[in-house]
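Reading the structure
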Amino acid sequence: MNRSINRAAIDRVLKGAVDAGVVPHVAAIAADADGVFYEAGFGPRVAGQDGEVTAGTEFALMSMTKMIVTVAALQLVEQGSLDLDATVDSYCPEFAEVKVLEGFDGDTPRLRAPASRATVRHLVTHTSGLAYWFWNEDIATYEKVTGRPDVVPGRLDAFKVPMVADPGSRFVYGVNTDWLGRVVEAVTGKGLDAVVKEGVTGPLGMDNTSVALTADQMATFAAVHVKDGSGDWSDAGDIINRTDPDWWVDGHGLYSTPRDFARFEQALLRGGELNGARILSGKTVDEAFRNQIGELDFPAEIPAADPASSGPLNLGPGYKWGYGLLLNTADLPGRRRAGTGAWAGLFNTHFWIDRASGICASIYSNSLPFITPEALQLYLDYETALYAAL
């Protein structure tokens, strides 16, 4: 650790949240261009058992996977083998079968052809019209009445779920990165796990990041927790359930440690390079941190459609989307600066890369539902305490 900070206040925020039952456990890490300057972990990996989480604990990244897959796709763009403005169906012909869901006649979905063909750029920017069930009532209903699975287990049937808007018409957070991963596989002729290992996690020395955990990694995995009838945290069991998947899920499939993911954050903070390994050009990194949705906006409010999975997301106005990153357009007082790139994972993991301040950080819990008010307050308190300690 190269930078000296007053860590006591940050520790109090994290430990206090575990003691109060806000989260079952929490690990956090922060770094600058030179290295990690804060890391800590509090609370048990598994409720009621010995062994606390640390920055070396394995967590399910869920949608923090998306930025890693986005980088893998951007590498192909730099190599000239992937065109962001090409249609998705030019790489994956089956995408031409995806319709737009307009509503229901009883339990029968009402579908139509999209007004235009979605491009790879639409996938990267979540403007293709594809949605997730937990933030879209129509998709939640569609999956219920048709029996289509969501994308978590890794079944190919999940790709038959329709859009809820025409491509390019609005920002809709959904299964775009899963389709992007299939595009990457079509271009490279390789499985996405191999592409990510060769292009991102391997060069960055992220040896504890993978699509499947080894026996040794399972021994350090932070179990996913839910609250039981008494309000206490308990192990939810294997709710990810990716036994023998049809494909390695691209939008949420990676496991990693805070230390490993910090290396990825550092590489982006440093313009695409870490310890001599370059994963993207500085120009491409700049584009990732630039508004890529034009006049469209990231929604100020996204209602919850499956409260067991997630609460509503209410960030308010002033947010855009880059390549794989949520961007705040104004400084957040006492916290991140304008232009910071960030995102999160469904099991309550969050990261941000603040290039203006020269730091990156992340915070981890494996628990459901996502973004309860008290959990969101923990993340804000951690960020505030971190900046105050710099």
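Residues numbered from 1 in each chain as written. Predicted model: local features only at pLDDT ≥ 70, side-chain atom pairs only at ≥ 80, totals over all residues. Heavy atoms only, no water.

Digging into the side chain of Glu58
Structurally, Glu58 can be placed in the loop between β2 (35-42) and β3 (59-60). Here Glu58 occupies a buried position and makes no salt bridge, while the nearest side chain of opposite charge, Arg259, is found at 10 Å. Polar side-chain contacts of Glu58 include one of 3.4 Å to the backbone nitrogen of Ser256. Once residues lying within four places of it in the same chain are set aside, the contact partners of Glu58 are Asn208, Leu213, Gln217, Thr220, Phe221, Ala222, Tyr255, Ser256 and Thr257. (Helix = DSSP H or I, 4+ residues; strand = E, 2+ residues; numbered from the N terminus. Buried < 20%, exposed > 50% of the residue type's maximum accessible area, 1.4 Å probe, protein only. Lys, Arg positive; Asp, Glu negative; His and termini not counted. Salt bridge = Lys/Arg side-chain N within 4 Å of Asp/Glu carboxyl O. Polar contact = N/O pair within 3.5 Å; in protein donor to acceptor, adjacent residues only side chain to side chain. Contact = heavy atoms within 4.5 Å.)

What to know about helix α2 (residues 65-79)
With 15 residues, α2 extends 22 Å between its outermost C-alpha atoms, agreeing within 8% with the 21 Å of an ideal straight helix rising 1.5 Å per residue. Of all 15 residues in α2, twelve are buried, a share of seventy percent or more. Within the sequence span of α2, burial applies to Thr65, Lys66, Met67, Ile68, Val69, Thr70, Val71, Ala72, Ala73, Leu74, Gln75 and Leu76. Turning to α2, the residues buried within the fold contact α4 (120-124), α6 (176-188), α7 (192-201), α9 (258-269), α10 (282-288) and β16 (349-354). Immediately downstream of α2, the backbone of Gly80 shows phi near 85 degrees, a positive value. (Expected span 1.5 Å × (residues − 1).)

A few points about the packing of α2 against α7
Two elements in contact, α2 and α7, have axes whose closest approach is 10 Å; the angle formed by their N-to-C orientations is 75 degrees. Here α2 is positioned roughly perpendicular relative to α7, judged by the angle of their axes. Where α2 abuts α7, its residues Ile68, Val69, Val71, Ala72 and Gln75 lie against Leu192, Val195, Val196, Gly199 and Val200. (Axes fitted to C-alpha atoms, helices over the stretch in contact; angles between N-to-C directions. Parallel < 35°, antiparallel > 145°, perpendicular 65-115°, else oblique.)

Quick look at the environment of Ser256
Residue placement: Ser256 occurs in strand β8 (residues 255-256). Each C-alpha atom, one on Ser256 and one on Gly103, is 39 Å from the other, the two residues being 153 residues apart in sequence. Contact partners of Ser256, with chain neighbours within four places excluded, come to Thr57, Glu58, Phe59, Leu61, Asn208, Thr209 and Phe261. A distance of 2.7 Å separates the side chain of Ser256 from the side chain of Thr209, its partner in a polar contact.

So, the pairing of strand β1 (residues 26-32)
For β1, the buried fraction is high: seven of the seven residues fall into the buried class. The two faces of β1 match: Val26, Ala28, Ala30 and Asp32 on one face and Ala27, Ile29 and Ala31 on the other face are all buried. The hairpin turn running from β1 into β2, its antiparallel successor, is two residues long. Judged from the six bridges that link them, β1 and strand β17 (residues 359-364) form a sheet pairing that is antiparallel. Opposite Ala31, over in β17, you have Cys360 as the bridge partner. (Pairing = 2+ DSSP bridges.)

Looking at the packing of aromatic side chains
By the definition in use, this model includes 21 aromatic pairs. For the ring pair Trp135 and Tyr173, a centre distance of 5.6 Å and an interplane angle of 50 degrees mean the geometry is tilted. Pair noted here: Trp135 is in the loop between α4 and α5 (137-146) and Tyr173 is in the loop between α5 and α6, with a separation of 38 residues, a long-range link. A single burial state applies to Trp135 and to Tyr173, both of which are buried. Considering the side-chain rings of Trp352 and Tyr387, the 6.4 Å spacing of their centres and the 20 degrees angle between planes classify their relative orientation as stacked. Highlighted residues: Trp352 in strand β16 and Tyr387 in helix α11 (residues 373-389), separated in sequence by 35 residues. The pair Trp352 / Tyr387 is uniform in exposure class, with both members buried. Chaining the aromatic ring pairs together yields one cluster made of Tyr132, Trp133, Phe134, Trp135, Phe171, Tyr173, Phe298, Trp321, Trp343 and Phe370. (Phe/Tyr/Trp six-rings, centres within 6.5 Å; stacked < 30°, edge-to-face > 60°.)

Notes on the sheet that holds strand β14 (residues 326-328)
Spatial ordering of the open sheet is given by β2-β1-β17-β16-β15-β14-β13, a layout of seven strands whose pairing is antiparallel. Because the sheet does not close on itself, it has two edges, and the strands there are β2 and β13 (319-321). When the angles between neighbouring strand axes are averaged without regard to direction, this sheet yields 20 degrees. Pairing of β16 with β17, which is carried by six bridges, proceeds in the antiparallel orientation. Following the sheet pairing, Trp352 is matched in β17 by Ala361. Across the sheet, α11 touches β1, β2, β16 and β17, and the angle it forms with β17 is around 145 degrees.

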